[in-house]
Every structure is written in C-alpha cells, then in structure tokens.
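# Inside the fold
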Amino acid sequence: MKSFVAEEYDVVVVGAGHAGCEAALSSARMGMRTLVVSITLDAVAMMPCNPSVGGTGKGHLVREIDALGGEMAINADKSSIQSKMLNTAKGPAVHSLRVQSDKQKYHTEMKKVMEKQKNLDLKQAEATEILVENGIIKGIVTRTGAIYGAKAVILVTGTFLAGKIFIGDVSYESGPNDLRAATELSKSLRKNGIALRRFKTGTPARVNSASIDFSKMVEQHGDAEIVPFSFMNDLLDFPQVPCWLSYTNTDTHEVILGNINRSAMYGGEIEGPGPRYCPSIETKLVKFADKDRHQLFVEPEGLYTDEMYIQGMSTSLPEDVQVAFYRTIMGLEKAELMRPAYAIEYDCIDPTELKPTLEYKKIGGLFFAGQINGSSGYEEAAAQGLMSGINAALKIKGEEPFILDRSEAYIGVLIDDLVTKGTNEPYRIMTSRAEYRLVLRQDNADLRLTEKGWKLGLATRDRYERYLSKKAQVEEETERLKTVRKKPGELKEFLERQESAQAKKALSLYDLLKRPELDYAKLEEIDPNRPSLMHQVVSQVEVEVKYEGYIAKQKQQIERFKKLERKMLDPDMDYSKISGIRLEAKQKLNSIRPVSVGQASRISGVSPADISVLMIYLEQKRRKAKQNG
Ligand SMILES: Cc1cc2nc3c(=O)[nH]c(=O)nc-3n(C[C@H](O)[C@H](O)[C@H](O)COP(=O)(O)OP(=O)(O)OC[C@H]3O[C@@H](n4cnc5c(N)ncnc54)[C@H](O)[C@@H]3O)c2cc1C
C-alpha cells in the first residue's frame, strides 16, 4: 500500500461513536479544523446495546453535556420514544431521567448534525497507524494509505479496537453488530509504547415482537409529563411506546446452569473483565444463586423495526442454548431470535496514563476518550469525548486546560475516578460515586456549567440567554416567596386541608414550602398572583428551598475539598526524594503525577499520613523559597 499525504487538520478524531461525535463537534465548534473518521459511517452514534439514554447517574452526565453545549441531550430528545424520571420516590439528588430511544433515528439525527457542522469533515476510513515524532503526535495513516496531519489526535475506538465476538465456543474478529473490527491500530499503539489490556462487555438477543406474547408480561409506561433532556427544550409531547416486564424462572436457570461450561465467559474463552453493573444472566445466576427469578425488560429498538431488546439477559452462551432458555421465559415461549446475544472483548488503555484533560502523559497532543479508557456506557463515553475535544482545542490555542473537579460535575467525578484511581473493570457512573451529589443534581446542571460552556465558545447565545433568564427567574421567585407572608388566620383552612401544622405567627411562602407535606403546586391555592414560570424554574426553586440546609452544609464540605484541589503540585516533582512518604505511595505518586494535593489524596495506595508528610514538605519548600527571595 502506497501512502499519500491527504490533508492537514487541527484535530483528527478516530471514531464516530458516542465519544467521537461529542469530541468532533466540540473541537469544530471551538473553531478547530476537524476530521472524524469511522470504519463505517453506519456506526455514527450507533447504539450497539441498550436502546436508551440516561438512567441513574447517566442522566446527570447527559444534562451536563447539554449544559456545556454538547449534542447528546438534544439528540436524545429528537429520538425518544418513551421517557421516565427514575427514583422520584427518593431525594432530588438521585432523580435521573431515562428515555427509550429509536436507535436508527438517534444515528440518523446525529449523523445529520455532524454532516452539517462547520469546520468538520466526516469520512469513512480506518485508522491503522498513529504518527508520533519526538513524543509529539503528528497525525494518522488509514488503511488506504491516506496520511492526515494533525496537531491533536483523539482516539475513541470503543469496542471496535481488536474487537472479538464470543458466542459459546464460537469466536471471531469483529466489531459490534458484526461490523468490521479495527485490527491494525493496536499494533501501532503498542509500537509507540502504549500499554493495552482486554475488557469485555455483552449484549442480549434481539427478538421479533411478532413472536412475543405481551399479554403474559407487565406493561411499563412512560411518564405522563415528558421532561426533556435538553435545557433547550420545554416539556415534550410525543406518542410513547410501552416496555414490558417479565421474569426468568427455575426452568430458565436450569437450562443456563446446565450449560454454563459452554458459556464463553465460564468456558474460559474470554480473558477480559466485564461490567459489574451490567452482568450477563449466567453471572447473575452464579452470584445470586439464592434468587429464584431475575427481572427482564422487553424494550423496543425503534418505531420502524420489530426488533425487541431483552434487557437484563445478555449472555455468551451458544445460540442453541440461548433459544432454549429465552423460550422458558413467560411471554417468550415462541421467541424468534433475530440477532443472537454475544460478548465482545476489545483493547483499552489504563486511564491512569492520562492527565485530567484526557491527554496521554507520554505523547503530547494524543487524547483518549470513551470505552477505550475503560468506561462503559454511551453517556460516560460522550462526556469524555466532549472534554477531550474541548481540551484538544484549548491546547492548540495555547489556552488553559478545562478541568471540572468532583464538586463541579459528574463529568469531574467520572474523569477523576478514571485518571486518578483507574479501573480494573468497565467503569459505570453512579450517583453513589459523587460525594457532593446534592449539589450536582441533574436539574441544575445548566446553572453549574453553562457559564463555562459560554466562555469556552461552545454554548450558543440562545443557550446562554436561556440560562441567564432561568437563573434570574429562580432568584426572583425565591426572593418573592420570602416576601409574600400570610397571617395564621389566612392559612388556617388551607393548612387544615393539607394536614399541616397550624401557623402560630405570620409565615412566608418560603417557610411554608419548606414543609415536607407542602409543595409549590399546592401553595398556588394561597398564592394566586404568582408569575407563570417554566417547569425547569419551578423544580429548581422547590429543591433549593426544601433542601436549603443540606445544600449549605454540602457547600461547606466543598469549600474544604477545594482547599486541597487548589494546592497545585509540580508535574515534575520526584516523590522518591521526600523522606517519610511510604515506598508504595512514592511509586504511585511518581507514576500518576497528580496535579494537586487533592488528586494525590485520592490515589489508591497513598494514605492520609503520606499526604500530611507531603503537605509539610511543600510548606517547608515554600518557606525556604520565601527566605531565598
Ligand atoms: C456488545 C456490547 C454490549 C454493551 N453493553 C453495555 C452495557 O451493558 N452497558 C453500557 O453502559 N454500555 C454497554 N455497551 C457499551 C456502549 O456501547 C459503549 O460504552 C459506547 O458505545 C462507547 O462509546 P465509544 O464512543 O467509546 O465507542 P463506540 O460507540 O464503540 O464507537 C467507536 C467508534 O470508533 C470507530 N473506530 C474504531 N476503531 C477505528 C479505527 N481504527 N479507525 C476508524 N474508526 C474506528 C467505530 O467505527 C465507531 O464509530 C456495550 C457495547 C457493546 C458493543
């Protein structure tokens, strides 16, 4: 193959999956001449697994991507076929939006946005090599010999990189959905000193809806009020399609356990660890042997297909066993499998080799995002893609990097967990991973981040003005609630009807809203002249008033956290020279090279005692420097 110089770009993105789309769009929107290549353009924003966006923790990421000026939320709103706010029985910190998506529409709409984006070229091509000179990235080479020069390259290869599919004892090189795998690039990465390891994930079979008896299942509906993912949209209105709930049973378990040694996972074919929070059905039966049934959801893949996704039933058992066990399930007795379930193994890196900007520490201008960093999930990939695109553009412009810390965003929690703690299995975001989750709610992502997106040149003027208007309305309405006061007499009947304690003195609407049994809607009865406010504003005011105390307490904790985050560390410091720090900690600090004392304190193997020694050392150094003037 004869190579030829095709073109020079600022940024080249290798992969147009969920990470690749956000990386390419953010880089192009920040003015970088950007190229995105994909082995096939049919994989642009492809959903190889669950036909849904969002869920616990993931919904927060989608809102944050939107608030910064990313595309995922807008695309999810365009292709939603069912919408549900999860965990509404719990506190607002864990309320998470989840939508069922029409996969084909999600792909088509995102591809259209990419095709129309200024500064962005989208091409079908397979990157087979990265070009590096003196530790600096220079570009890529494709399978057809095209050389694309670049000041930054972002690798977002997902589950395609040295992808290998497993169905029982059958395995073959392939990307998801039997698309071609990327078979060459790994060699080039290794040649450039990048260590790779194997991770795996799995997906269930797709069953033809005509072969399913839905009358034997429990219909699951979306919410009556359709809350949008994007802050750019008001309440949505579209016909929703149902999902269905069913369960495995002892027959199912018997078939699976009777053939478990034929599973690629349990037959020892697969070496990579899989996602703990999306386990295969055989793993569930092994781990939770006491359970006599496991729930599963039958989810439509889209409006113009009869393919149904069987959520909770991923497996790497052989096809004959799959047919046998699916047909033991209530409603699936005559199931026609359109696509078999499979597991896929792929190459990924150790994310502790990356800076918090997602730039590779040892090759300047080379960034990684998404599944290749050891995460799992469309949302996790998209969040990293966005941040890598932003930081590649800022690096080329010679501007300060953009890093979100753990108190500012779930994106900050995700990236810090990956680059500081690393992961030995596919990493999934969860609300329990965020220390400051009461402040990092999905409903206030725009109030936390849109100002930053505007300063980066990513958030549009329309988005910025919407944010300013919401912010002003929230502040005005909160103030108004404090000023409108009601005498005990005026409240008597209302409080009786609401079974709420009678007032002993005049109370403001603000005081009343704090009462758990009262909410903003109920107060309308005694507040008829209120302004008509957007749904987003009302939910904001309600949460901020009701959780005022907790939020204030969490903000104090954040202040303490930020103190250590602001203590920056010299990236070239040699920790082996600091006596008093334990050997393991010295090794970890020298390999991860934390940017701050805060990050250092989160590295596994670095103890609080090590951090105290480090703090003393830094203080002594500061004093000495001061003395020496
Ligand atoms: C079988 C399966 C099961 C899954 N199960 C789950 C699950 O249970 N839970 C969950 O949260 N997530 C799951 N996922 C993961 C989810 O799909 C991914 O997390 C998400 O798609 C990752 O996004 P990404 O952008 O990193 O990569 P992908 O979406 O995989 O996109 C990669 C892109 O890179 C391109 N590409 C790769 N190599 C090259 C190259 N050399 N040259 C040019 N283009 C290239 C591809 O064409 C594609 O466009 C599953 C995925 C699969 C395949």
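So, here's what we can say about the structure.

On to the environment of His294, then. Mapping His294 onto the fold places it in the loop between α7 (281-287) and β18 (295-300). Sequence-wise, His294 and Asn391 are 97 residues apart; in three dimensions their C-alpha atoms are separated by 43 Å. With residues up to four places along the chain from it excluded, the contact list for His294 reads Ser246, Tyr247, Thr248, His253, Ile281, Lys284, Leu285 and Phe288.

If you check the shell around the ligand, you find 36 residues, and the closest are Ala19, Ser38, Ala127, Gln371 and Gly377. Between the ligand and the protein, one listed contact pairs an oxygen atom with a side-chain N or O atom of Ser38 at 2.8 Å. For the ligand, a nitrogen atom lies 3.1 Å from a polar atom in the side chain of Thr201. Protein chains shield 98% of the accessible area of the ligand, which is 980 Å² for the free molecule. Within the residue set of the shell around the ligand, elements represented by two or more residues are α1 (18-29), β3 (34-38), β14 (197-203), β21 (342-348) and α9 (378-397). Counting residues per element, the shell around the ligand draws most heavily on β14, at three residues.

Before going further, it helps to examine the side chain of Ser280. With respect to the helices, strands and loops of the structure, Ser280 is situated in the loop between α6 (250-258) and α7. Side chain to side chain, Ser280 and Thr283 meet in a polar contact 2.8 Å long.

Attention shifts here to the sheet that holds strand β13 (residues 170-173). What the four strands build is an open sheet, ordered β13-β12-β21-β14; its pairing is antiparallel. Edge positions in the open sheet fall to β13 and β14, since each of these has one partner strand only. The mean angle between the axes of side-by-side strands here comes to 20°, regardless of whether they run parallel or antiparallel. Strand direction decides the pairing type here: strand β12 (residues 164-167) and β21, joined by three bridges, are antiparallel. Considered in β21, the bridge of Ile165 is made with Ile344.

What follows deals with the pattern of salt bridges. Under the definition given, this model contains 58 salt bridges. The salt bridge partner of Glu307 is Arg339, with a shortest N-O separation of 2.7 Å. Residue Glu307 is found in strand β19 (residues 307-311), and its partner Arg339 is found in strand β20 (residues 337-339); the two are separated by 32 residues along the sequence. A salt bridge links Lys562 to Glu408, with the nearest nitrogen and oxygen atoms 3.7 Å apart. Of this pair, Lys562 sits in helix α17 (residues 548-565) while Glu408 is found in the loop between α9 and α10 (410-421), placing the two residues 154 residues apart along the sequence. Sharing partners across several salt bridges, the network here consists of Arg406, Asp416, Asp417, Lys421, Glu435, Glu565 and Arg602.

This part covers the sheet that holds strand β8 (residues 127-133). Read across the open sheet, the four strands follow the order β1-β10-β9-β8; overall the sheet is mixed. The open sheet terminates on both sides in strands that have one partner only, identified here as β1 (4-8) and β8. Averaged over all pairs of adjacent strands, the angle between their axes in this sheet comes to 30°, without regard to strand direction. For strand β9 (residues 136-142) and strand β10 (residues 146-149), the ladder comprises three bridges, and the chain directions are antiparallel. The partner of Ile140 across the bridge, within β10, is Tyr148.

All right, on to the pairing of β13 then. Regular strands place their side chains on alternate faces of the sheet. Summarising the sheet, β12 and β13 pair through four bridges and their orientation is antiparallel. Directly across from Ile165, in β13, lies its bridge partner Tyr172. Counting the residues that bridge the hairpin from β12 to β13 gives two residues, and of these Gly168 lies at a positive phi of roughly 65°.

Turning to the packing of helix α2 (residues 58-68) against α10, a few remarks are in order. For the pair α2 and α10, interaxial distance at closest approach is 9 Å and the crossing angle is 110°. Taken together, the axes of α2 and α10 are roughly perpendicular relative to one another. Contacts between α2 and α10 involve His60, Leu61, Glu64, Ile65 and Leu68 from the first element and Tyr410, Ile411 and Leu414 from the second. When grouped by side-chain class, the residues that make up the contact of α2 with α10 number six nonpolar, one polar and one charged.

What follows covers the packing of aromatic side chains. Throughout the structure, instances matching the rule amount to eight aromatic pairs. Between Phe325 and Tyr326 the ring centres are 4.6 Å apart and the planes differ by 25°, which places this aromatic pair in the stacked class. Joined through ring pairs, the aromatic side chains of Trp454, Tyr464 and Tyr467 make up one cluster. The ring of Tyr247 is capped by Arg293, whose NZ or CZ atom sits 3.6 Å from the centre of that ring. Across the ring face of Tyr427, the terminal group of Arg433 is positioned such that the distance to the ring centre comes to 4.1 Å.

Another aspect to go through is helix α8 (residues 319-326). Turning to α8, its buried residues number three or more, namely Val321, Gln322, Phe325 and Tyr326. End-on, the buried residues of α8 take up no more than an arc of 125°, which puts them together on one face. Here the buried face of α8 lies against β12, α6, α7, β19 and β20.

Note: β1 against β10, four bridges, orientation parallel. Pairing of Val5 across the sheet is with Ile147, part of β10. Linkage of β9 to β10, two consecutive antiparallel strands, is achieved through a turn of three residues, within which Gly145 is found at a positive phi near 95°.

Time to look at the nonpolar core. Ranked by internal contacts, the top residues of the largest apolar core, which has 105 residues, are Leu155, Ile194, Leu366 and Ile411. Tallying contributions element by element places α9 first for this core, with ten residues. Setting aside chain neighbours within four positions, we find Leu155 in contact with Val14, Ile130, Leu185, Leu189, Leu366, Phe367, Phe368, Ala369 and Ile372. In terms of nonpolar packing, the next biggest core, distinct from the first, is built from 22 residues, Val207, Met217, Tyr326 and Ala341 among them.

Criteria and cut-off values
- Residues numbered from 1 in each chain as written.
- Predicted model: local features only at pLDDT ≥ 70, side-chain atom pairs only at ≥ 80, totals over all residues.
- Heavy atoms only, no water.
- Helix = DSSP H or I, 4+ residues; strand = E, 2+ residues; numbered from the N terminus.
- Contact = heavy atoms within 4.5 Å.
- Near = heavy atom within 4 Å.
- Polar contact = N/O pair within 3.5 Å; in protein donor to acceptor, adjacent residues only side chain to side chain.
- Areas by Shrake-Rupley, 256 points an atom, 1.4 Å probe, with all protein chains shown as cover.
- Pairing = 2+ DSSP bridges.
- Axes fitted to C-alpha atoms, helices over the stretch in contact; angles between N-to-C directions.
- Salt bridge = Lys/Arg side-chain N within 4 Å of Asp/Glu carboxyl O.
- Parallel < 35°, antiparallel > 145°, perpendicular 65-115°, else oblique.
- Nonpolar A, V, L, I, M, F, W, Y, C, P; charged D, E, K, R; others polar.
- Phe/Tyr/Trp six-rings, centres within 6.5 Å; stacked < 30°, edge-to-face > 60°.
- Lys NZ or Arg CZ within 6 Å of the ring centre and 35° of its normal.
- Buried < 20%, exposed > 50% of the residue type's maximum accessible area, 1.4 Å probe, protein only.
- Arc of directions from axis to C-beta.
- Core = buried A, V, L, I, M, F, W, Y, C linked by side-chain atoms within 4.5 Å.

Spatial relationships are all this shows, so hold off on functional conclusions.
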